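These are the residues of each chain, in order.
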Amino acid sequence: MTQRRRTGTAAGGLAAALTALALLAGGCSGSTGGVRGTPGSAGVRDPYFPKLGNGGYDVGHYALDLAYDPGTGRLTGTAEITARATQDLSAFNLDLAGLTVEGATVDGAPAAANRAGNELTLRPHEEIAEGAEFRTVVTYAGVPERVTDADGSEEGWLRTADGAVAVGEPTGSMTWFPGNHHPSDKAAYDITLTVPAGLEALSNGVRTARRTEPDGRVTTVWHEPEPMASYLATVAIGRYETKAASTPDPAVPVLTAAERSVAARSAALRDEVPQIIGRQVRRFGPYPFSAAGATVTADSTLDYALETQTRPVFPAASFDRTTLVHELAHQWFGNSVTPATWRDLWLNEGFATYAEWLYTEEYEHVPARTHFQRAFAQEANWAFPPAAPPSAENLFDPPVYQRGAMVLYKLRETVGNATFDEILRGWPAKYRHANATTADFTAYAESVAGRNLDSLWDVWLFGDERPATS
Ligand code: ARG
Ligand code: ZN
């Protein structure tokens, strides 16, 4: 509901009178209904990507309706974005890379659209009052561009032999839909995909419908009700074989998929997904989402596995148990508890790496201590402190993963197993479906441990040098 925005129904007569008065007084136009908005900012000042995300509003829901033609590589889309204004807004931005915007409306009225770089600026017909919920619809089309990350990885909407696969950590999702593409603005999603008959179209969450269009194409509807950062949105279109299963009690539906050419060789490990999640539930607490699974693509253009929400995506070459454990652990650490900025990424990667160590300790007879000592000995892990990567190029470097996990191992050693286990379950419970910073984590760990842990953080989390002894 709108608060201060005039809607022109019962207040219409009064509005007209006020407009006349304002005109008589030589004042400003009456079309804003008294709201004196300013433009929302073009970024949320992330330390690595200052223009990523946008200020002035908070998205609650994305409804993406996408059609893809693998033959031409052309994507046709409608994005319906429901958001709440966090200031009086005269204009606001969405992040979008490439593609052609064909039209935009805000609350049903045409909005002026302007593009500069990856910023799409919309100027609504009427200004939007702080606190008001508003609905933006953008229609767009084109052959999506890829993003080459600072570290050289290719991401975004990646064309494959039969279809496409979309991944976007950290910034690739802006190549296939306009949005507030910073992890601090999480939202629910409904993703509708229309593709040629014979192809599977996968995305996040639960599949709620599938229908054949009059022209023979097939439409699949995906529903992700839990808050999701846009870098975790995914699409996989191609000749996939799928298999449904369920996690052990409490039951969460599991859907795994693999492209035909890699279906047989990935089947046994895909079948382990329910068991691995069950084991992680015992250590990390309740599974945070209403769907689970894994998608394995045959395509080699996909540079990395990604913990896309509910259903991580793997290039076949990296679909092994360690990576599977890692991406499933991210459902708690990264997807439910999401970093407030990209500087806090070690909260994802350090925990997911620690989850690998924990898994081998419990089920494969390799103690976490062995991993820790190995990581401690490796020069590359000491290039910088995990909570302060020097630049975007280093976001996914070994210190974020390995030193991040070392921080947790040292925390366990310092506070003892029982307290550490409590932290491991309590952290994703306390920040469930929220965002968190490094400072939130250190404060939380200290509150559970009941003592100050500065000497631990100073050396292992923030220190520049490898300590003399482990
Ligand atoms: N989060 C992914 C993982 O599970 C890695 C993403 C890497 N992205 C990149 N641009 N290098 O480790
Ligand atoms: Zn990871």
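The structure contained in this document is the topic of the report that follows. (Residues numbered from 1 in each chain as written. Chains lettered and ligands numbered in written order. Predicted model: local features only at pLDDT ≥ 70, side-chain atom pairs only at ≥ 80, totals over all residues. Heavy atoms only, no water.)

With that settled, consider the pairing of strand β7 (residues 112-116). By the bridge criterion, five bridges tie β7 to strand β8 (residues 119-123) in an arrangement that is antiparallel. For A116, the partnering residue across the bridge sits in β8 and is E119. Connecting the antiparallel pair β7 and β8 is a turn made up of two residues, with G117 showing a positive phi of about 60°. (Pairing = 2+ DSSP bridges. Helix = DSSP H or I, 4+ residues; strand = E, 2+ residues; numbered from the N terminus.)

What follows deals with the coordination of the zinc ion (ligand 2). Listed as protein donors to the zinc ion (ligand 2) are H326 (NE2), H330 (NE2) and E349 (OE); their distances from the metal cover 1.9 to 2.0 Å. For the zinc ion (ligand 2), the single-chain donor residues occur in sequence as H-x3-H-x18-E. (Donors = N, O, S within 2.8 Å, 3.2 Å for Na, K, Ca; no water.)

Scanning the model with the defined rule gives two cavities of 30 Å³ or more in all. Its boundaries defined by the atoms lining it, the largest cavity holds a volume of some 60 Å³. Lining of the largest cavity is provided by R279, Q280, R283, F284, V325, A355, L358, Y359, E362 and Y363. Among the elements of the structure, α3 (273-284) and α5 (346-363) are those that each provide at least two residues to the lining of the largest cavity. For the lining of the largest cavity, the element with the most residues is α5, which contributes five residues. Considering only enclosed or pocket space, the second largest cavity measures out at about 40 Å³ in volume. Taken together, L202, S203, T234, V235, A236, T295, R311 and V313 form the lining of the second largest cavity. Of the residues in the lining of the second largest cavity, the class split is four nonpolar, three polar and one charged. (1 Å grid on protein atoms, 1.4 Å probe; cavity = no way out; pocket = protein on both sides within 12 Å on 5 of 7 lines; lining within 4 Å. Points joined across faces, edges and corners; volume = space filled by probe spheres on them. Nonpolar A, V, L, I, M, F, W, Y, C, P; charged D, E, K, R; others polar.)

Turning next to the packing of α5 against helix α7 (residues 398-415). Where α5 meets α7, the axes come as close as 7 Å, and the angle between the chain directions of the two elements is 65°. Here α5 and α7 pass one another in a crossing that is right-handed. Contact residues: α5 offers W346, E349, G350, F351, T353, Y354, W357, L358 and E361, while α7 offers V400, Y401, Q402, G404, A405, M406, V407, L408, Y409 and R412. For the contact of α5 with α7, the class distribution of residues is 12 nonpolar, four polar and three charged. (Axes fitted to C-alpha atoms, helices over the stretch in contact; angles between N-to-C directions. Left-handed = near helix turned anticlockwise from the far one by under 90°. Contact = heavy atoms within 4.5 Å.)

Turning next to the sheet that holds strand β19 (residues 253-259). The mixed open sheet is built from four strands, whose spatial order is β18-β19-β20-β21. Looking at the sheet topology across the chains shown, the edges are occupied by β18 (240-246) and β21 (313-315). Taken over all neighbouring pairs, the strand axes of this sheet differ in orientation by 15° on average, direction set aside. Taken together, the five bridges between β19 and strand β20 (residues 292-297) define a ladder with parallel strand orientation. Of the residues in β20, the one forming a bridge with T256 is A294.

This part covers the nonpolar core. Counting residues in each nonpolar core, the largest one holds 123 residues, and the members touching the most others are W157, W176, L411, W427 and F441. With residues near it in sequence (within four places) discarded, W176 still touches L64, L66, L75, L99, Y140, W157, A166, I191, A233, T234 and V235. One finds L158, L302, L306 and V313 within the second-largest nonpolar core, a separate group that totals seven residues. (Core = buried A, V, L, I, M, F, W, Y, C linked by side-chain atoms within 4.5 Å. Buried < 20%, exposed > 50% of the residue type's maximum accessible area, 1.4 Å probe, protein only.)

In this structure the tally under the stated criterion is 32 aromatic pairs. Measuring from ring centre to ring centre gives 5.9 Å for F177 and Y189, while their planes differ by 85°; the resulting arrangement is edge-to-face. One end of the pair, F177, is in the loop between β12 (164-167) and β13 (187-195); the other, Y189, is in strand β13, with 12 residues separating them in the sequence. A relative accessible area of 0% means that F177 is categorised as buried. (Phe/Tyr/Trp six-rings, centres within 6.5 Å; stacked < 30°, edge-to-face > 60°.)

In this structure the tally under the stated criterion is 17 salt bridges. A salt bridge links R210 to E200; the shortest N-O distance between them is 2.7 Å. Placement of the pair is R210 in strand β15 (residues 206-212) and E200 in strand β14 (residues 200-203), with a sequence separation of 10 residues. On the accessibility criterion, E200 (13% relative accessible area) is buried. Salt bridges linked by common partners bring E200, R207 and R210 together as one network. (Salt bridge = Lys/Arg side-chain N within 4 Å of Asp/Glu carboxyl O.)

Next up on the list: α3. A rise of 1.5 Å per residue sets the reference length of α3, with its 12 residues, at 16 Å; its end C-alpha atoms lie 16 Å apart and thus fit the reference within 8%. Summarising burial for α3: nine of the 12 residues are buried, a large majority. Those residues of α3 that fall on the buried side of the exposure criterion are V273, P274, I276, I277, G278, R279, Q280, R283 and F284. Phi for G285, located one or two positions after α3, is positive at around 95°. (Expected span 1.5 Å × (residues − 1).)

Turning to the sheet that holds strand β1 (residues 38-39), a few remarks are in order. An order of β1-β4-β8-β7 is seen for the four strands of this open sheet, with the pairing classed as mixed. Where the open sheet ends on each side, the last strands, each with one partner, are β1 and β7. Alignment of strand β4 (residues 89-95) against β8, held across four bridges, turns out to be antiparallel. Within β8, the position partnered with D95 by the bridge is E119.

What follows deals with the site of ligand 1. In the neighbourhood of ligand 1, 16 residues make up the surrounding shell, with D149, D151, E169, E307 and Y401 lying closest. Here a nitrogen atom of ligand 1 sits 2.6 Å away from a polar atom, N or O, in the side chain of D149. At a separation of 2.7 Å, a nitrogen atom of ligand 1 approaches a polar side-chain atom of D151. Burial of ligand 1 by the surrounding chains reaches 93%, relative to a free accessible area of 350 Å². Put simply, ligand 1 lies in the largest pocket. (Near = heavy atom within 4 Å. Polar contact = N/O pair within 3.5 Å; in protein donor to acceptor, adjacent residues only side chain to side chain. Areas by Shrake-Rupley, 256 points an atom, 1.4 Å probe, with all protein chains shown as cover. Sits in = over half its atoms within 2 Å of the grid points.)

Interpretation in functional terms is not warranted from these geometric data alone.
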